Amino acid sequence: MRKNDNEIIEGTFFNIRVVVTQQKIIRIFNDKAVPFYDFKPTCDKIGRYLIDEGFVTTKTPRIEVKTP
């Protein structure tokens, strides 16, 4: 994880690029264009990890999935 001065955290979790902004918005990049129903469990796992480790301050963050 890398934290910038303007509250943007960037990193790679489970080989997937993730950006956290304002400690409440999780942006997950689906670079391989995996179908969403197959990608959702990974998104849930990343979201739960970021909440548990304190990278996200809210219990219900907004998760955005970006596909090419």
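First, a word on what this report is: a plain description of the structure on this page. (Residues numbered from 1 in each chain as written. Predicted model: local features only at pLDDT ≥ 70, side-chain atom pairs only at ≥ 80, totals over all residues. Heavy atoms only, no water.)

All right, on to the nonpolar core then. Within the largest apolar cluster, 13 residues are counted, with the highest numbers of intra-cluster contacts made by Val18, Val20, Ile26, Ile28, Ile46, Leu50 and Val56. When contributions to this core are tallied by element, the ones reaching two or more residues are β2 (8–13), β3 (16–21), β4 (25–29) and α1 (36–52). Among the elements that take part in this core, α1 stands out by supplying 5 residues, more than any other. Leave out the neighbours within four places in its chain, and Ile26 touches Val18, Val19, Val20, Gly47, Leu50, Val56, Pro61, Arg62, Ile63 and Glu64. (Core = buried A, V, L, I, M, F, W, Y, C linked by side-chain atoms within 4.5 Å. Buried < 20%, exposed > 50% of the residue type's maximum accessible area, 1.4 Å probe, protein only. Helix = DSSP H or I, 4+ residues; strand = E, 2+ residues; numbered from the N terminus. Contact = heavy atoms within 4.5 Å.)

Now for unusual backbone geometry. Outside of glycine, negative phi angles account for most residues, and trans bonds account for most peptide bonds. Although it is not a glycine, Phe14 adopts a positive phi angle of roughly 55 degrees. Note that Phe14 resides in the loop between β2 and β3. A relative accessible area of 45% places Phe14 in the partly exposed class. In this model, Asn15 sits at a positive phi of 65 degrees, which is unusual for a non-glycine residue. One can find Asn15 in the loop between β2 and β3.

Mapped onto the secondary structure, Gln23 falls in the loop between β3 and β4. For the pair formed by Gln23 and Thr57, sequence separation is 34 residues and the distance between their alpha carbons is 5.7 Å. With residues near it in sequence (within four places) discarded, Gln23 still touches Glu7, Phe55, Val56, Thr57 and Thr58.

Following the criterion strictly, the structure yields 2 aromatic pairs and no others. Between Phe13 and Tyr49 the ring centres are 5.3 Å apart and the planes differ by 55 degrees, which places this aromatic pair in the tilted class. Here Phe13, found in strand β2, pairs with Tyr49, found in helix α1; they are 36 residues apart in sequence, far enough to count as distant. A relative accessible area of 10% places Phe13 in the buried class. By way of ring pairs, the aromatic residues Phe13, Tyr49 and Phe55 are connected into one cluster. Geometry around Phe29 places Arg17 over its ring, the cationic atom sitting 3.8 Å from the centre. Between the NZ or CZ atom of Lys45 and the centre of the ring of Phe14, over which it lies, the distance is 4.4 Å. (Phe/Tyr/Trp six-rings, centres within 6.5 Å; stacked < 30°, edge-to-face > 60°. Lys NZ or Arg CZ within 6 Å of the ring centre and 35° of its normal.)

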